[in-house]
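# Breakdown of the fold
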Amino acid sequence: MVWAFHIIWISLLVVLVDVHLATRSLSNTTDATFQQRFWVNRRHYKPRLGSPVIVIDGGETNGEDRLPFLDTGVGDILARAIGGIAVVLEHRYYGKSVGVQNFSTDSLRWLNNEQALEDSANFMRNVKFENINENLTARKTRWIYYGGSYAGARAAHMRVLYPDLVFGAIASSAVTHAVLMNWEYMDVIRLAADPICSSSLVNSISIDSLLKIGPLRGRLKSLFGLSELESDKDFASVLEHPLTTGEDENWDPAVSSTTFDQFCATLNGDTPTLKDTERTVLLAGGLKANIALLNYAKWIRENIVVLCPQDMGLTVEDCFGTNDDSKYQITDLSEDWRPWVFQYCTQWGYLTTAPPVGTPTIISRLLDIDYEHKICIQAFPPGEYYKVPPLPNVTAVNVLGDYHIAADRLVFIDGEDGFAVDPWRPYTPHSAYGGAEEREDTVVRPFKIIPGGVHHWDENGLREGEKEPKKIGQIHSEMVEFVKAWLEDWEDPFDEAMI
């Protein structure tokens with residue numbers, strides 16, 4: 001291990017450690033290494049042999065985005081309760097843990113579930129924390145692995161694949177079920193939205209029939225400020241933008257997004273009852289449209305189209321069109337959208353399409369798998385050493401347990417009961433869409449629901465925990481309780497040395 005530098009921030013440290021880009025046991029295609037970042041919170045550390053470590057998986061983002069969870073969230077909450085240290089470990093290819101010169105298809109070939117999991121295992125086997133004399137590697141002490149969403153699935157995978165290293169794991173909103181088409185995502189939003197907004201969304205899909213009428217097609221796009229957009233599918237895709245913002249709602253107003261609520265308020269307009277959502281109006285040029293469609297168009301014009309800098313010479317087609325392959329083939333490291341797209345194109349899927357015919361939809365049925373998968377072909381042409389599979393190989397993920405993944409000292413935490421408010425819940429062991437099974441909630445295998453919760457709501461916290469909403473304070477208390485109970489079961493090999 002080579003320690004590069006550290007920066008003290010309050011009592012949090014950031015360090016770099018060298019890691020093999022291709023782990024020899026998995027792939028022998030390169031001897032290159034990269035520096036993987038991690039941050040340490042040791043403010044609650046009680047020096048002793050066997051002191052526990054909580055590691056927060058950085059997931060598919062810059063590790064710096066996880067620092068609030070280390071400072072006041074789940075990392076700090078658990079470290080304080082058990083006198084341990086907490087760590088955020090950045091994921092390969094994200095933030096500054098990048099060991100390649102560009103994000104081309106060939107350069108991304110080492111970005112997969114297997115290699116990234118082995119990074120975490122390697123870290124846990126070998127880490128030496130600065131200014132801590134005790135050996136806190138995973139075979140000498142107890143490590144609790146935490147992750148939310150994609151990182152939540154990784155937490156579950158780490159527990160079942162590396163039981164000798166991961167003593168316990170907390171998998172929050174853990175998407176352990178990979179799937180090609182995740183139509184359920186939008187269906188959850190339809191079911192969770194207030195009834196008037198939901199009805200307005202469904203009625204807005206009259207765009208599908210209007211787009212088929214030649215003289216009305218252009219007028220419809222003009223209504224949304226998108227008259228220059230050539231593809232009807234691109235037009236329908238732009239209308240998805242406000243729908244995905246609901247997962248960003250949080251119990252803490254300081255970090256919560258209100259975009260979806262604002263969108264619904266605009267969409268509802270002066271339609272106070274469900275019956276009003278069926279009202280239509282006749283526009284100039286013979287365009288007869290649902291009242292919600294007018295409000296939808298207003299929101300898109302004022303919040304999405306306005307972001308296209310047409311005063312700088314760009315057109316709507318430049319901003320929102322997908323016909324130009326070259327837009328997706330810039331591979332320098334500033335194109336940091338590419339790693340996650342590569343991951344879902346190769347292994348995870350989650351291509352958001354309309355639901356099966358017969359299920360009401362809030363997105364256009366033009367959004368089929370061919371359209372949603374198009375970026376995988378455009379962005380990742382075959383390289384010299386690697387080809388992206390024709391479709392995501394979701395089996396590589398699901399073979400690790402899918403909906404049924406389970407182990408002692410592995411907890412699953414999700415939001416809401418019944419049909420989830422969290423649109424990612426259909427891909428977790430708490431799914432209400434079939435495939436998952438009810439489980440008993442026990443100390444050894446906790447199975448928790450946060451009432452009214454959205455996406456991994458247990459991850460963040462407040463410095464003054466007593467000010468958290470009751471349901472958040474409760475889940476944090478339950479996390480402390482089951483982690484403490486787990487730690488009591490550990491047979492400490494250093495007991496005699498500590499006497």
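Let me begin by describing the structure that accompanies this report. (Residues numbered from 1 in each chain as written. Predicted model: local features only at pLDDT ≥ 70, side-chain atom pairs only at ≥ 80, totals over all residues. Heavy atoms only, no water.)

## Section: the overall build of the protein
Cut-off, in case you're wondering: Going along the chain from the N terminus, every DSSP run of H or I of four or more residues is numbered as a helix, and every run of E of two or more is numbered as a strand. The globule rule is 2.2 Å times the number of residues to the power 0.38, and the radius of gyration it is compared with is taken over C-alpha atoms. Only protein chains enter the accessibility calculation, which uses a 1.4 Å probe. A residue is then buried if its area is under 20% of the maximum for its type, exposed if over 50%, and partly exposed in between. Between two residues, a contact is recorded if the distance between any of their heavy atoms is within 4.5 Å. Values of accessible area rely on a 1.4 Å probe in the Shrake-Rupley scheme; residue burial ignores everything except the protein chains shown. None of His or the chain ends enter the tally, which takes Lys and Arg as positive and Asp and Glu as negative. In plain terms, the charge of a residue is placed at NZ if it is Lys, CZ if Arg, CG if Asp and CD if Glu.
A count of helices and strands for the protein gives 17 helices and 13 strands. In summary, the protein has a C-alpha radius of gyration of 24 Å against a globular reference of 23 Å for 499 residues, a match within 12%. Counting only C-alpha atoms, the protein reaches 85 × 55 × 40 Å along its principal axes. Counting only residues that meet the buried cut, the protein has 56% of its 499 residues in that class. The long-range fraction of contacts in the protein, counting pairs at least 24 apart against all pairs at least 6 apart in sequence, stands at 72%. Surface exposure of the protein reaches about 20,800 Å², of which carbon and sulfur atoms provide 52%. With 44 positive and 69 negative side-chain charges, the protein shows a separation of 1 Å between the mean positions of the two kinds.

## Considerations on the packing of aromatic side chains
Here a ring pair, both rings aromatic, is described through the centre-centre distance and the interplanar angle of the planes. Rules: Ring pairs are drawn from Phe, Tyr and Trp, using the six-membered ring of Trp, whenever the two centres fall within 6.5 Å, and their geometry is named by plane angle: stacked under 30 degrees, edge-to-face over 60, tilted for the rest. Each ring is checked for a lysine NZ or an arginine CZ that lies within 6 Å of its centre and within 35 degrees of its normal; such an atom marks a charge sitting over the ring.
All told, the structure shown has 22 aromatic pairs when counted by the stated rule. Here the aromatic rings of Phe 260 and Phe 263 are separated by 6.3 Å at their centres, their planes lie at 50 degrees, and the arrangement is tilted. With Phe 260 and Phe 263 both in helix α10 (residues 259–268), this residue pair falls 3 residues apart, about one helical turn. Under the relative-accessibility criterion, Phe 263 is labelled buried at 0%. Relative to Tyr 296, the ring of Phe 263 has its centre 5.1 Å away and its plane inclined at 70 degrees; by these criteria the two rings are edge-to-face. Placement of Phe 263 in helix α10 and of Tyr 296 in helix α11 (residues 291–303) is noted, with a sequence separation of 33 residues between them. For the pair formed by Phe 263 and Tyr 296, the shared burial category is buried. What links up through ring pairs into an aromatic cluster is the set Tyr 150, Tyr 185, Trp 340, Tyr 344, Trp 348, Tyr 350, Trp 424 and Tyr 427. Stacked on the ring of Phe 167, the Lys or Arg Arg 409 has its end atom at 4.1 Å from the ring centre.

## Overview of the packing of helix α6 (residues 195–204) against α11
As a reminder of what qualifies: Only the stretch in contact is used when a helix axis is fitted, and all axes are lines through C-alpha atoms; the angle between N-to-C directions ranges over 0 to 180 degrees. Here roughly perpendicular refers to angles of 65 to 115 degrees, roughly parallel to angles under 35, roughly antiparallel to angles over 145, and oblique to all remaining angles.
At a closest axis distance of 8 Å, the pairing of α6 and α11 adopts a crossing angle of 90 degrees. Between α6 and α11, the angle falls in the class roughly perpendicular. Residues Ser 200, Leu 201 and Ser 204 of α6 touch α11, and the partners they reach there are Ala 292, Leu 293 and Tyr 296.

## A look at the packing of helix α4 (residues 150–161) against helix α13 (residues 338–348)
Operational definition: Two helices crossing with the near one rotated counterclockwise from the far one by less than a right angle form a left-handed crossing, whereas a clockwise rotation gives a right-handed crossing.
In the contact formed by α4 and α13, the axes pass within 14 Å of each other and the chain directions differ by 50 degrees. By the angle class used here, α4 and α13 are oblique. Handedness of the crossing formed by α4 with α13: left-handed. Across the interface between the two elements, Tyr 150, Ala 153 and His 157 of α4 pack against Trp 340, Gln 343 and Trp 348 of α13.

## Comments concerning α13
Burial within α13 is extensive, with 10 of its 11 residues counted as buried. Next to the buried residues of α13 lie α3 (113–126), α4, β8 (179–181), β11 (349–351), α14 (369–379) and α15 (395–398).

## With respect to the pattern of salt bridges
Threshold: Criterion for a salt bridge: a side-chain nitrogen of Lys or Arg within 4 Å of a carboxyl oxygen of Asp or Glu.
Counted according to the given criterion, the structure contains 19 salt bridges. Across the pair Arg 445 and Asp 408 runs a salt bridge, and its minimum N-O distance is 2.8 Å. Placement of Arg 445 in the loop between β12 (410–415) and β13 (447–450) and of Asp 408 in the loop between α15 and β12 is noted, with a sequence separation of 37 residues between them. For the salt bridge of Glu 464 with Lys 467, the shortest nitrogen-to-oxygen distance reads 3.1 Å.

## What about the nonpolar core?
As a reminder, the rule being used: Residues belong to a common nonpolar core when they are buried Ala, Val, Leu, Ile, Met, Phe, Trp, Tyr or Cys residues joined through side-chain atoms within 4.5 Å.
Formed by 74 residues in total, the largest nonpolar core has its most connected members in Phe 224 and Leu 226. The biggest single contributor to this core is α11, with 6 residues. Not counting residues within four places of it along the chain, the set of residues in contact with Phe 224 comprises Phe 235, Leu 239, Leu 293, Tyr 296, Ala 297, Ile 300, Arg 301 and Val 305.

## Notes on the state of the cysteines
We count it as follows: In plain terms, two cysteine sulfur atoms within 2.5 Å form what is called a disulfide here.
For the coordinates displayed, the defined rule picks out 3 disulfides. Here Cys 308 connects covalently by a disulfide to Cys 319, the sulfurs 2.0 Å from one another. On the S-S bond that ties Cys 308 to Cys 319, the torsion sits near 80 degrees, and the link is right-handed. One end of the pair, Cys 308, is in the loop between α11 and α12 (316–320); the other, Cys 319, is in helix α12, with 11 residues separating them in the sequence. Shown here is the disulfide that connects Cys 345 with Cys 376, its sulfur atoms set 2.0 Å apart. Every disulfide takes its handedness from the sign of the S-S torsion; for Cys 345 and Cys 376 that torsion is -80 degrees, giving left-handed. One end of the pair, Cys 345, is in helix α13; the other, Cys 376, is in helix α14, and 31 residues separate them in sequence.

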